[in-house]
Amino acid sequence: MKFSAGAPITVPVGRFAPSPTGPLHFGSLLAAVASYLEVGAGTWLVRVEDVDRPRTVAGMSAHQLETLAAYGFKWSTSGVVRQSERSALYQTALERLISTGLVYPCTCTRSMLANDADTQVGVDGARIYPGHCRHWQPGDPVPEKAAWRFRVGGVDDPPIVFHDRIQGDQAQQLAREVGDFVIKRADGCFTYQLAVVVDDLAQGVTQVVRGADLLDSTARQIALVEALNGRVPTYAHIPIVTNPAGEKLSKQTRAAALPTVGEQARVAALWHALSFLGQSPPDALMRGGVETLWQWAAVHWSIERVPKQRSGGAFPKIPE
Ligand code: GLU
Ligand code: ZN
């Protein structure tokens, strides 16, 4: 076969990256289904996001993987990486950022920052870091017990713009909306923002499909990808599902665990997930098997039909 000169042959690489803090729930299923179907015949990776060790529940990642297997997802078990085993990789990235002057050590305590009454509140609801420690330069002594912060540039810099394949064009001015953010905490833990970027780059992820609760993290992640000279993946943020009280499903809001026992219950959950994602699966498939539903979904999936909103409302009642 002949390929036209210079046309890159790229296999899409997608991922599902649950944090093992509780059983997978309906919101997790949505992110898994959307990322899985969007990657099609490409490579779908499962990553254990246990970088935040204090929040990790023992045995939970094995349970999550068993749940995914019960729902008929297919991934290469050899490709499952655990963030808790990848500190050396994150440290290398941190050192690269240190040498280019893009990060600096910060010794401000939480109470010091909380008392800084005139700082603005950013997109996360946290106060924007006022920059006390910004004067540090590569070569200056590194204080003990310091966190490392990423410099986001000035308030007059152009915003980070990106196209989200579901939510449309996005822009975020990091200095005004987020501020210099922590990539390694004073206790030595790397943060989600750094770990997710380093892993996506290391694993060659080309498409990120996940819940819209992470839309506000994306500009930070793009800034890190660029600082590390990486290739920015494509982004698609699916609407998040809420409980009837309008709260995002999570361990904190006591989201119900996905049913794992009984094929009918799994088919129902999967059918509702496809329906929530705008795919309109035929009613008859509700009474079939998991494999038949996956076959239908693989043929009919279209990201264009996913509702273009950040929140898709309350999750359906799934029969047990
Ligand atoms: N670990 C994150 C979560 O469980 C997902 C991270 C991501 O997809 O970027 O919410
Ligand atoms: Zn500081």
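Residues numbered from 1 in each chain as written. Chains lettered and ligands numbered in written order. Predicted model: local features only at pLDDT ≥ 70, side-chain atom pairs only at ≥ 80, totals over all residues. Heavy atoms only, no water.

Draft legend 1. Main features of the coordination of the zinc ion (ligand 2). Protein coordination at the zinc ion (ligand 2) comes from Cys106 (SG), Cys108 (SG), Tyr129 (OH) and Cys133 (SG), with a distance range of 2.1 to 2.3 Å. Classification of the site at the zinc ion (ligand 2) rests on its four donor atoms, whose angles at the metal span 99 to 123 degrees, yielding the label tetrahedral. Sequence spacing among the residues donating to the zinc ion (ligand 2) works out to C-x1-C-x20-Y-x3-C. On the criterion of sequence distance, the pair formed by cysteine 106 in strand β4 (residues 103-106) and cysteine 133 in the loop between α4 (110-114) and β5 (147-150) is long-range, its members being 27 residues apart. There is no split in this pair, since cysteine 106 and cysteine 133 are both buried. (Donors = N, O, S within 2.8 Å, 3.2 Å for Na, K, Ca; no water. Tetrahedral: all angles 85-135°; square planar, octahedral: opposite > 155°, others 65-115°. Helix = DSSP H or I, 4+ residues; strand = E, 2+ residues; numbered from the N terminus. Buried < 20%, exposed > 50% of the residue type's maximum accessible area, 1.4 Å probe, protein only.)

Draft legend 2. Summary view of the packing of aromatic side chains. Considering all chains together, one arrives at 13 aromatic pairs under this definition. Judged by centre distance (5.0 Å) and plane angle (70 degrees), the ring pair of tyrosine 36 and phenylalanine 73 falls under edge-to-face. Of this pair, tyrosine 36 sits in helix α1 (residues 26-39) while phenylalanine 73 is found in the loop between α2 (60-70) and β3 (81-82), placing the two residues 37 residues apart along the sequence. Per residue, the accessibility class of tyrosine 36 equals that of phenylalanine 73, and both read buried. (Phe/Tyr/Trp six-rings, centres within 6.5 Å; stacked < 30°, edge-to-face > 60°.)

Draft legend 3. View of the site of ligand 1. What surrounds ligand 1 is the set Arg15, Ala17, Pro18, Ser19, Glu49, Tyr192, Val196, Arg210 and Leu214. Contacts to ligand 1 include arginine 210, whose side-chain N or O atom sits 2.8 Å from an oxygen atom. Burial of ligand 1 by the protein chains amounts to 77% of its free accessible area of 300 Å². In the shell around ligand 1, the residues fall into five nonpolar, one polar and three charged. (Near = heavy atom within 4 Å. Polar contact = N/O pair within 3.5 Å; in protein donor to acceptor, adjacent residues only side chain to side chain. Areas by Shrake-Rupley, 256 points an atom, 1.4 Å probe, with all protein chains shown as cover. Nonpolar A, V, L, I, M, F, W, Y, C, P; charged D, E, K, R; others polar.)

Draft legend 4. Fine view of the sheet that holds strand β8 (residues 181-184). An order of β4-β5-β8 is seen for the three strands of this open sheet, with the pairing classed as antiparallel. Bordering the open sheet on either side are β4 and β8, each of which pairs with just one other strand. Pairwise comparison of adjacent strand axes, ignoring direction, gives a mean angle of 45 degrees for this sheet. Note that β4 and β5 share four bridges and pair antiparallel. In the sheet register, tyrosine 104 faces β5, and the bridge partner there is arginine 149. (Pairing = 2+ DSSP bridges. Axes fitted to C-alpha atoms, helices over the stretch in contact; angles between N-to-C directions.)

Draft legend 5. Quick peek at the sheet that holds strand β1 (residues 13-16). Taken in spatial order, the three strands make up an open sheet running β1-β2-β3, and their pairing is parallel. For this open sheet the edge positions go to β1 and β3, each flanked by a neighbour on one side alone. Running over the sheet, α2 touches β1, β2 (43-48) and β3 and is turned about 155 degrees from β2. (Contact = heavy atoms within 4.5 Å.)

Draft legend 6. Up close: helix α6 (residues 192-202). For α6, the tally of buried residues reaches eight of eleven residues, placing the bulk of the element in the interior. Of the residues making up α6, those classed as buried are Gln193, Leu194, Ala195, Val196, Val197, Val198, Asp199 and Asp200. Check the buried side of α6 and you find it contacts β1, β2, α3 (87-99), β8, β9 (207-211) and α7 (218-227). Looking one or two residues beyond α6, the residue adopting positive phi is glycine 204, at roughly 65 degrees.

Draft legend 7. Local environment of the packing of α6 against α7. One can describe the packing of α6 onto α7 by two numbers: an axis separation of 9 Å at closest approach and a directional angle of 55 degrees. One element, α6, and the other, α7, form an angle in the oblique class. The handedness of the crossing between α6 and α7 is right-handed. Here Tyr192, Gln193, Leu194, Val196, Val197 and Leu201 of α6 lie close against α7, whose contacting residues are Arg220, Gln221, Leu224 and Val225. Along the lines of polarity and charge, the residues of the contact of α6 with α7 split into seven nonpolar, two polar and one charged. (Parallel < 35°, antiparallel > 145°, perpendicular 65-115°, else oblique. Left-handed = near helix turned anticlockwise from the far one by under 90°.)

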